[in-house]
Each structure stands twice: as structure tokens, then as C-alpha cells.
Amino acid sequence: MAPLPHPLSPQDSLVAVMIAVSAADMQIRTAELVAIQALVNHLPIFGEYDADRIRTIAQTVFDLLEEEDGLDALFGLIRESLPEKLTETAYALACDVAAADGKLAQSELRLLEEIRHELQIDRLHAAAIERGARARHMQL
């Protein structure tokens, strides 16, 4: 795995969570990539973020997911760099990416559950975040 040019920023961690959810079902769909790019381009938390880092963070996530304990390592990096006040933001972004293609695979649902656990998201708050994502991505 290529080393990161510098430690993960909080925004890098948010991107890493989104990439991980997108890759959870082993198929990164165009709708998910478009959602990630749109979120990075439009949310205030990414106002000063260098969007060129998305590719580097994505490769780091892919490399980690290929390792035996890579998911644990990824969560360790995320916990180190993500302030507690952004944990619900991370979960909301993960839910939006998971819902972006209109399909939730079992692997995505399991990863969302793991994210809830690792980031210590209260179950009631998680349910509200999930309901909001479902409402935003509802199809006819």
C-alpha cells in the first residue's frame, strides 16, 4: 500500500467512509461515484477540501480492503482523524452513498451497521439519519 502524503484530515475520513460503503458490494456504481463527487462539491464541510485527494483516499481504502484486517485498520484511521462532532455526518454521508443507486446490498447494510458501531452512533440517531437518506433517494 502506498503511504498517504500526510495523515488523514477529517474530510479525508468522510471521503474514506463514502468510498468504503460504495465498495462494500464489490461494485462501485456510477450513481455512487456521482453522489460522492456531488457531496464533496456542495457540502460546506468540504469547502476548503482538495477534491484531487479523492483518488488518493479511494486507492488507500481499496488497498486496505484487500488486506486481512484492512477494515479494522481503516476504522482505526478514521477514528484517529474524525472529530466526534462529525461522526453523525460520516454516517449520514455513508447512508446517502449507499442509497444513491436505489439498491442496498446485504454487504452495504452490514458495513453501515459496522460504521454505526465503530463511530458509536446512537441507534435512534442512526434511524433518523437512515430515514432521511431513504426519503432523499426515494424513486417512483
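The rules behind each value
Residues numbered from 1 in each chain as written. Predicted model: local features only at pLDDT ≥ 70, side-chain atom pairs only at ≥ 80, totals over all residues. Heavy atoms only, no water. Salt bridge = Lys/Arg side-chain N within 4 Å of Asp/Glu carboxyl O. Helix = DSSP H or I, 4+ residues; strand = E, 2+ residues; numbered from the N terminus. Buried < 20%, exposed > 50% of the residue type's maximum accessible area, 1.4 Å probe, protein only. Core = buried A, V, L, I, M, F, W, Y, C linked by side-chain atoms within 4.5 Å. Contact = heavy atoms within 4.5 Å. Expected span 1.5 Å × (residues − 1). Patch = residues over 30% accessible without salt bridge, like charges linked within 9 Å, V, L, I, M, F, W, Y side chains within 5 Å. Areas by Shrake-Rupley, 256 points an atom, 1.4 Å probe, with all protein chains shown as cover. Lys, Arg positive; Asp, Glu negative; His and termini not counted. Charge placed at Lys NZ, Arg CZ, Asp CG, Glu CD.

Participant: Tell me about the pattern of salt bridges, and please be specific about residues and values.
Facilitator: Applying the stated criterion across every chain, the model contains six salt bridges. Of the charged contacts, one joins Arg79 and Glu118 as a salt bridge, the two residues approaching to 2.2 Å between their closest N and O atoms. Of the two residues, Arg79 is situated in helix 4 (residues 70-81) and Glu118 in helix 6 (residues 106-118); the sequence distance between them amounts to 39 residues. For Arg79, a relative accessible area of 42% corresponds to the partly exposed category. For Glu118, a relative accessible area of 17% translates into the label buried. Where Arg116 meets Glu130, a salt bridge forms, and the shortest distance between an N and an O atom there is 2.9 Å. Of this pair, Arg116 sits in helix 6 while Glu130 sits in helix 7 (residues 123-136), placing them 14 residues apart in sequence.

Participant: Describe the nonpolar core, listing the residues and the values that go with them.
Facilitator: Within the largest apolar cluster, 39 residues are counted, with the highest numbers of intra-cluster contacts made by Val15, Met18 and Ile115. Broken down by element, this core gets its largest block of residues, eight residues, from helix 1 (residues 10-23). Setting aside residues no more than four positions away along its own chain, Ile115 makes contact with Val17, Val21, Phe75, Tyr91, Ala94 and Gln120.

Participant: Outline the environment of Leu65, listing residues and values.
Facilitator: On the secondary structure map, Leu65 appears in helix 3 (residues 53-66). Among the residues examined, Leu65 registers a relative accessible area of 34% and is labelled partly exposed. Measuring from C-alpha to C-alpha, the distance between Leu65 and Ala24 comes to 9.1 Å, with 41 residues separating the pair along the chain.

Participant: Just give me the short version of helix 4, but keep the residues and values in it.
Facilitator: Relative to the 16 Å expected for 12 residues at 1.5 Å per residue, helix 4 spans 17 Å between its end C-alpha atoms, a close match to the ideal helical length. Along helix 4, the residues classified as buried are Gly70, Leu74, Phe75, Gly76, Ile78 and Ser81. Elements that come into contact with the buried residues of helix 4 comprise helix 1, helix 3 and helix 6.

Participant: Mind laying out the environment of Asp25, listing which residues take part and the relevant values?
Facilitator: Counting through the fold element by element, Asp25 comes out in the loop between helix 1 and helix 2 (30-42). Residues contacting Asp25, with those up to four places away along its chain left out, are Ala105, Ser107 and Glu108.

Participant: How would you summarise a negative patch on the surface if you had to cite specific residues and measurements?
Facilitator: A grouping of Glu66, Glu67, Glu68, Asp69 and Asp72 is seen on the molecular surface, where their side chains present a negatively charged patch. Positionally, Asp72 belongs in helix 4.

All quantities given are derived from atomic positions and should not be read as evidence of function.
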